[in-house]
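Analysis of the macromolecular model
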2 protein chains.
Amino acid sequence: MDSNLKQYYDFVENGDKIYLPHFTLECVIFGYENKQLKVLLTKLVGIGWGVPSGYVKREESLTVAVNRILKERTALDNIFLKQFHTFGDSKHRIKPQEYESGIDVSMTKGTWLAERTLSIGYYALMDCSEADIKLDVFVEDYKWVDVNEIPKDLLLDHNEIIDYALMTLRNQIFHEPIGFELLPEKFTLPEIQTLYETILNKKFDRRNFPNKLLAQEIIVKLDEKRNIGQHRSPFLYKFHKENYENALSERTALVL
Amino acid sequence: MDSNLKQYYDFVENGDKIYLPHFTLECVIFGYENKQLKVLLTKLVGIGWGVPSGYVKREESLTVAVNRILKERTALDNIFLKQFHTFGDSKHRIKPQEYESGIDVSMTKGTWLAERTLSIGYYALMDCSEADIKLDVFVEDYKWVDVNEIPKDLLLDHNEIIDYALMTLRNQIFHEPIGFELLPEKFTLPEIQTLYETILNKKFDRRNFPNKLLAQEIIVKLDEKRNIGQHRSPFLYKFHKENYENALSERTALVL
């Protein structure tokens, strides 16, 4: 037997000695690239496309587990992440064996992997270009997909999980440092406006949008320009960290 | 063997045929009474005080389960509730057998109940006087406790769960119909002000507070007064449901 297959069999037969059964962590990883908000999809061997996920070890905290799962898949540490919802309502989560018609379940039938699992959803933010996506015996491929072009036939309830994560991201943009996480340290006014327009999927006025950010003093103009062509060298800005965080506190909110 | 003890033994021995192991639902139930924000605490037989909780049946959705658990305990249907966080980080949730020193675990040792559980936290809002709290073989007592007087030694991580629920309630007061759920349909201006002051644990100006609510048109003055003594008959108000819900939408927020 080749070592990959042996590793796979061992996980099916004995995984529950290491991992807790009955729930997984699902990670919706958002990245921002070429003016697009993207989600990382991974392809599980023999199962199909979905978001990265993993099991929690028997003596591991949830927070340690989600950071480990993200690091194993992206090679990144200290990722911005938030738990957003635990899923246990869809038919896929209640009677998985009846709704996995596209999946060959002969190998897992009767094992711990055939049982019902809840999913604890986290969303994460990262720079696509910084992530170094790792494949392994369980994951054979990956792609970053524009949030407007997510395939409708992801495994289990992963479409619902992405939709919920996106709704949460759009709501939390007024309360979490999402711009800070997805933009480079220094940016132009069109760059920050495009980021918020892309995430919220709406247009803001070219004059009012920067004026509102400047009026709230959450961005600061730098004495520095970026040269992007003849006669085109817009000023650079950065976040005023303290004012930005105050504007994000739950009882006020960023005004866009 | 008496029937209670038999029922208890049966749950310990065979409960995992009916219920999923490894996670429970914890319900932080807030009520408002006599100008106090209160939480329902229940006493588990042989274990101690905490918030009401329960297991999910093997073929039950999370949402059905939490409504069932709340109904079994309070006799109420259609309770306002929100999932707010899943807990799996505290030492009590990782190695329960080592941190339950005050509890006699001899009966559950080696059974499904001795294993690690995650907790999916929900908060609920109800009128204390409408709830008809049921006791049973597992729960021997209950009390409604002011949020400022919660005992520090609740079982497992229930103190942390209540703190998190209270923080969530205070943040969501700007986004969820919390006033609507906790006040009677018709109320006086001092009554609604006291509710918000009690939940947020801060004082608002007697003149500005009602003026802000009236300016946002989220409350409506009725042509009706309450007689509370000689020369004292304040006007009654009610929520303007549509304006209130608009003000609560995530992208704006109630202004207090």
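Model, not experiment: these values are computed from the prediction.

What counts, and at which threshold
Residues numbered from 1 in each chain as written. Chains lettered and ligands numbered in written order. Predicted model: local features only at pLDDT ≥ 70, side-chain atom pairs only at ≥ 80, totals over all residues. Heavy atoms only, no water. Phe/Tyr/Trp six-rings, centres within 6.5 Å; stacked < 30°, edge-to-face > 60°. Buried < 20%, exposed > 50% of the residue type's maximum accessible area, 1.4 Å probe, protein only. Helix = DSSP H or I, 4+ residues; strand = E, 2+ residues; numbered from the N terminus. Lys NZ or Arg CZ within 6 Å of the ring centre and 35° of its normal. Contact = heavy atoms within 4.5 Å. Salt bridge = Lys/Arg side-chain N within 4 Å of Asp/Glu carboxyl O. Polar contact = N/O pair within 3.5 Å; in protein donor to acceptor, adjacent residues only side chain to side chain. Nonpolar A, V, L, I, M, F, W, Y, C, P; charged D, E, K, R; others polar. Domains from an automatic or database assignment. Buried area = accessible area lost by both parts, 1.4 Å probe. Axes fitted to C-alpha atoms, helices over the stretch in contact; angles between N-to-C directions. Parallel < 35°, antiparallel > 145°, perpendicular 65-115°, else oblique. Expected span 1.5 Å × (residues − 1). Core = buried A, V, L, I, M, F, W, Y, C linked by side-chain atoms within 4.5 Å. Least-squares fit on C-alpha atoms with pLDDT ≥ 70 in both. Arc of directions from axis to C-beta. 1 Å grid on protein atoms, 1.4 Å probe; cavity = no way out; pocket = protein on both sides within 12 Å on 5 of 7 lines; lining within 4 Å. Points joined across faces, edges and corners; volume = space filled by probe spheres on them.

Looking at the packing of aromatic side chains
As enumerated under the stated definition, the model contains 36 aromatic pairs over all chains in all. Consider the rings of Phe-239 of chain A and Tyr-244 of chain A, whose centres lie 4.3 Å apart with planes at 20°: the pair is stacked. When sorted by exposure, Phe-239 of chain A lands in the same class as Tyr-244 of chain A, which is buried. When the centroid spacing of 5.4 Å and the interplanar angle of 70° are considered together, the rings of Phe-11 of chain B and Trp-112 of chain B count as edge-to-face. One end of the pair, Phe-11 of chain B, is in helix H1 (residues 3-18); the other, Trp-112 of chain B, is in the loop between helix H4 (96-99) and strand E6 (118-126), with 101 residues separating them in the sequence. The class for Phe-11 of chain B is buried, based on a relative accessible area of 17%. Taken together through their ring pairs, the aromatic side chains of Tyr-8, Phe-11, Tyr-19, Tyr-55, Trp-112 and Phe-138 of chain A make up a single cluster. It is Lys-143 of chain A that lies over the ring of Trp-49 of chain A; its NZ or CZ is 4.2 Å from the centre. It is Lys-241 of chain A that lies over the ring of Phe-180 of chain A; its NZ or CZ is 5.3 Å from the centre.

Looking at the interface of chain A and chain B
Facing the 31 residues of chain A at the interface are 31 residues of chain B. For the interface between chain A and chain B, the tally reads 4 salt bridges. Glu-59 of chain A serves as the salt-bridge partner of Lys-95 of chain B, at 3.5 Å between the closest nitrogen and oxygen. On inspection of chain A and its partner chain B, the count reaches 21 residue pairs in polar contact (both at pLDDT 80 or more). Here the side of chain A that touches chain B is built from residues that sort into 11 nonpolar, 9 polar and 11 charged.

Concerning the domain arrangement of chain A
All names here are of chain A. Under the domain assignment used here, chain A contains domain 1 (3-172) and domain 2 (178-248). Both faces combined, the contact of domain 1 with domain 2 buries some 1,100 Å², and carbon together with sulfur accounts for 71% of it. It is Tyr-32, Leu-125 and Arg-170 in domain 1 that bury the most area against domain 2; as a group they hold 51% of the surface buried on that side. The tally of links between domain 1 and domain 2 comes to 0 salt bridges. Among the secondary structure elements, those contributing two or more residues to the side of domain 1 that touches domain 2 are strand E1 (19-33), strand E2 (36-44), strand E6 (118-126) and helix H5 (158-172). Split by residue class, the side of domain 1 that touches domain 2 holds 8 nonpolar, 3 polar and 2 charged.

A few points about the pattern of salt bridges
Oppositely charged side chains may form a pair once their charged atoms are brought near each other. Under the definition given, this model contains 30 salt bridges over all chains. The closest approach of N and O atoms between Glu-245 of chain A and Lys-241 of chain A, which form a salt bridge, is 2.9 Å. Here the residue Glu-245 of chain A and the residue Lys-241 of chain A both occupy positions in helix H9 (residues 241-248), the gap between them amounting to 4 residues, near one helical turn. On the accessibility criterion, Lys-241 of chain A (44% relative accessible area) is partly exposed. The salt bridge partner of Lys-43 of chain B is Glu-140 of chain B, with a shortest N-O separation of 3.8 Å. Residue Lys-43 of chain B is found in strand E2 (residues 36-44), and its partner Glu-140 of chain B is found in strand E7 (residues 139-146); the two are separated by 97 residues along the sequence. Judged by relative accessible area, Lys-43 of chain B falls into the partly exposed class, the value being 28%. Since its relative accessible area comes to 41%, Glu-140 of chain B is described here as partly exposed. One salt-bridge network, in which partners are shared between bridges, spans Glu-60, Arg-68 and Glu-72 of chain A.

Looking at the side chain of Glu-60 of chain B
Relative to the elements of secondary structure, Glu-60 of chain B occurs in the loop between strand E4 (53-57) and helix H2 (62-74). Dropping the residues within four chain positions of it, Glu-60 of chain B is found in contact with Ile-94 and Arg-116 of chain A together with Tyr-55, Ala-65 and Arg-68 of chain B.

Notes on the packing of helix H7 (residues 189-200) of chain B against helix H8 (residues 208-215) of chain B
Residue and element names in this part refer to chain B. Viewed as axis vectors pointing N to C, H7 and H8 meet at an angle of 100°, and their least axial separation amounts to 10 Å. Put simply, H7 runs roughly perpendicular to H8. Residues Leu-189, Ile-192, Gln-193 and Tyr-196 of H7 form the contact with H8, whose own contacting residues are Phe-209, Pro-210 and Leu-213. Its residues placed into classes, the contact of H7 with H8 shows 6 nonpolar, 1 polar and no charged.

Description of H7 of chain B
All names here are of chain B. The terminal C-alpha atoms of H7 lie 17 Å apart, and with 12 residues this matches the ideal 16 Å at 1.5 Å per residue to within 8%. Taken across its 12 residues, H7 has 9 buried, putting it largely inside the fold. For H7, the complete set of buried residues consists of Ile-192, Gln-193, Thr-194, Leu-195, Tyr-196, Glu-197, Thr-198, Ile-199 and Leu-200.

Details of unusual backbone geometry
Residues and elements named next belong to chain A. Positioned with a positive phi, Ala-75 is a non-glycine residue whose angle comes to about 65°. Position of Ala-75 among the secondary structure elements: in the loop between helix H2 (62-74) and strand E5 (80-87). Judged by relative accessible area, Ala-75 falls into the partly exposed class, the value being 36%.

Notes on the nonpolar core
Residues Leu-25 of chain A together with Phe-23 and Leu-25 of chain B are the most contacted members of the largest nonpolar core, which totals 48 residues. At the level of secondary structure, the elements contributing two or more residues to this core comprise E1, H2 and E6 of chain A together with strand E1 (19-33), H2 and E6 of chain B. Setting aside anything within four residues of it in sequence, one finds Phe-23 of chain B in contact with His-22, Phe-23 and Leu-118 of chain A together with Tyr-55, Val-56, Leu-62, Thr-117, Leu-118 and Ile-120 of chain B. Core analysis: the next-biggest nonpolar cluster, separate from the first, contains 45 residues, Tyr-32, Val-145, Leu-195 and Leu-213 of chain B among them.

Notes on the relation of the copies chain A and chain B
You can overlay chain A on chain B at an RMSD of 0.0 Å; the transform is a turn of 180° with a shift of 0.0 Å along its axis. Accordingly, the operation relating the two chain copies is best matched by a two-fold axis. When the interface residues of chain A are mapped onto chain B, 100% of them again fall at the interface, so both copies present the same face.

Section: H8 of chain B
All names here are of chain B. Listed in full, the buried residues belonging to H8 are Phe-209, Pro-210 and Leu-213. The buried residues of H8 occupy an angular sector of 95° when projected down its axis, which confines them to one face. Buried residues along H8 sit in contact with H7 and strand E8 (219-225). Phi turns positive one or two residues past the end of H8, at Glu-217, with a value near 55°.

A few points about empty space enclosed by the protein
What the rule picks out here adds up to 2 cavities of 30 Å³ or more. Of the voids in this model, the largest cavity is the one considered here, and its volume is about 50 Å³. Contributing to the lining of the largest cavity are Thr-42, Leu-44, Gly-48, Gly-50, Val-51, Pro-52, Ser-53, Arg-73, Val-139, Leu-155 and His-158 of chain A. Going through the elements one at a time, E2 and strand E3 (48-50) of chain A are the ones with two or more residues in the lining of the largest cavity. A volume near 40 Å³ is recorded for the second largest cavity. Along the walls of the second largest cavity sit Phe-23, Thr-86, Leu-118 and Ile-120 of chain A together with Phe-23, Thr-86, Leu-118 and Ile-120 of chain B, which together make up its complete lining. Tallied by class, the residues present in the lining of the second largest cavity amount to 6 nonpolar, 2 polar and no charged.

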